[in-house]
Amino acid sequence: MSVMDNRQNGWVSHMIVSMVVVSAALQALKRKKRYEKQLAQIDGTLSTIEFQREALENANTNTEVLKNMGYAAKAMKAAHDNMDIDKVDELMQDIADQQELAEEISTAISKPVGFGEEFDEDELMAELEELEQEELDKNLLEISGPETVPLPNVPSIALPSKPAKKKEEEDDDMKELENWAGSM
């Protein structure tokens, strides 16, 4: 066998291996696609089942609500069978009459007996205003004119003058400042 044959055999075997790898890869991709399709179908089935479960729960809830509403309607009808609107109106009028009577009794009991009734409220208010005006007039008449307020006395001693020494110190400071500014 020659070198050429060895190369051809290597190339052929490499081609065969490549074809096997490509074939295996294609098979793996086909399986992947099938699995993805199955997964999508299963997901769709699960969604449909979940939707159906929710619909059944809602139907059961609606059935229970409707049943309970029927019981409530029957109970209200039974409660109202013994009632007549005329009887209810008559009862409510009796209650209002009794409340009015109770209010009148309470008012009668709370009024003082034998005193305070003979005075008119408006007359009492007018008299009170009159007394207040008289007190105000009296106070205004008692106010006297401005009083003289004693002012403080002016000091009799002379105030000390400024110390001259301080002025001399200021002049010295100014001269030093001018000398310093001139030296710059």
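Residues numbered from 1 in each chain as written. Predicted model: local features only at pLDDT ≥ 70, side-chain atom pairs only at ≥ 80, totals over all residues. Heavy atoms only, no water.

- For the protein, an unreviewed UniProt entry supplies the name Charged multivesicular body protein 4b and the organism Carlito syrichta.
- We quote the UniProt Sequence similarities (unreviewed entry) comment for the protein here in full: "Belongs to the SNF7 family." (UniProt positions renumbered as here; feature names shortened; annotations may be inferred.)

Re the overall build of the protein
Turning to step 1, where the next piece is worked out: The helix and strand inventory of the protein stands at 4 helices and 0 strands.
Turning to step 2, where the next piece is worked out: The secondary structure elements of the protein, listed N-terminal to C-terminal, are α-α-α-α.
Turning to step 3, where the next piece is worked out: Burial statistics for the protein: of 184 residues in total, 0% are counted as buried.
Turning to step 4, where the next piece is worked out: For the protein, the computed accessible surface area is about 18,100 Å², with 61% contributed by carbon and sulfur atoms. (Helix = DSSP H or I, 4+ residues; strand = E, 2+ residues; numbered from the N terminus. Buried < 20%, exposed > 50% of the residue type's maximum accessible area, 1.4 Å probe, protein only. Areas by Shrake-Rupley, 256 points an atom, 1.4 Å probe, with all protein chains shown as cover.)

Points about the UniProt feature "transmembrane region" (unreviewed entry) in the protein
Turning to step 1, where the next piece is worked out: Under the present numbering, the feature "transmembrane region" (unreviewed entry) in UniProt falls on residues 12–29.
Turning to step 2, where the next piece is worked out: The span residues 12–29 is 100% helical and 0% strand by assignment, and the distance between its end C-alpha atoms comes to 25 Å.

Structural notes on a negative patch on the surface
Turning to step 1, where the next piece is worked out: Taken together, the side chains of Asp120, Glu121, Asp122, Glu123, Glu127, Glu130, Glu134, Glu135, Asp137 and Glu142 make up a negatively charged region of the molecular surface.
Turning to step 2, where the next piece is worked out: Positionally, Glu142 belongs in helix H3 (residues 121–142).
Turning to step 3, where the next piece is worked out: With relative accessibility at 55%, the residue Glu142 sits in the exposed group. (Patch = residues over 30% accessible without salt bridge, like charges linked within 9 Å, V, L, I, M, F, W, Y side chains within 5 Å. Salt bridge = Lys/Arg side-chain N within 4 Å of Asp/Glu carboxyl O. Lys, Arg positive; Asp, Glu negative; His and termini not counted. Charge placed at Lys NZ, Arg CZ, Asp CG, Glu CD.)

A look at a nonpolar patch on the surface
Turning to step 1, where the next piece is worked out: Taken together, the side chains of Met83, Ile85, Val88, Leu91, Met92 and Ile95 make up a nonpolar region of the molecular surface, amounting to roughly 560 Å² of accessible area.
Turning to step 2, where the next piece is worked out: One can find Ile95 in helix H2 (residues 85–110).
Turning to step 3, where the next piece is worked out: A residue is classified by how much of its surface remains accessible, and Ile95, at 37% relative accessible area, is partly exposed.

Some remarks on the pattern of salt bridges
Side chains bearing opposite charge may pair, as long as their charged atoms lie close to each other.
Turning to step 1, where the next piece is worked out: One pass over the structure, following the stated rule, counts 4 salt bridges.
Turning to step 2, where the next piece is worked out: Residue Lys32 pairs with Glu36 through a salt bridge whose shortest N-O separation is 3.7 Å. Of this pair, Lys32 and Glu36 both sit in helix H1 (residues 3–81), 4 residues apart, which is roughly one turn of that helix.
Turning to step 3, where the next piece is worked out: Accessibility expressed as a relative area gives 45% for Lys32, which makes it partly exposed.

Considerations on the confidence of the model for the protein
Turning to step 1, where the next piece is worked out: Summary statistics for the protein give a mean pLDDT of 83 and a share of 82% for residues scoring 70 or more.
Turning to step 2, where the next piece is worked out: Within the protein, no element has a lower average pLDDT than helix H4 (residues 164–182), which sits at 76, and none a higher one than H2, at 91. (pLDDT = per-residue confidence, 0-100.)

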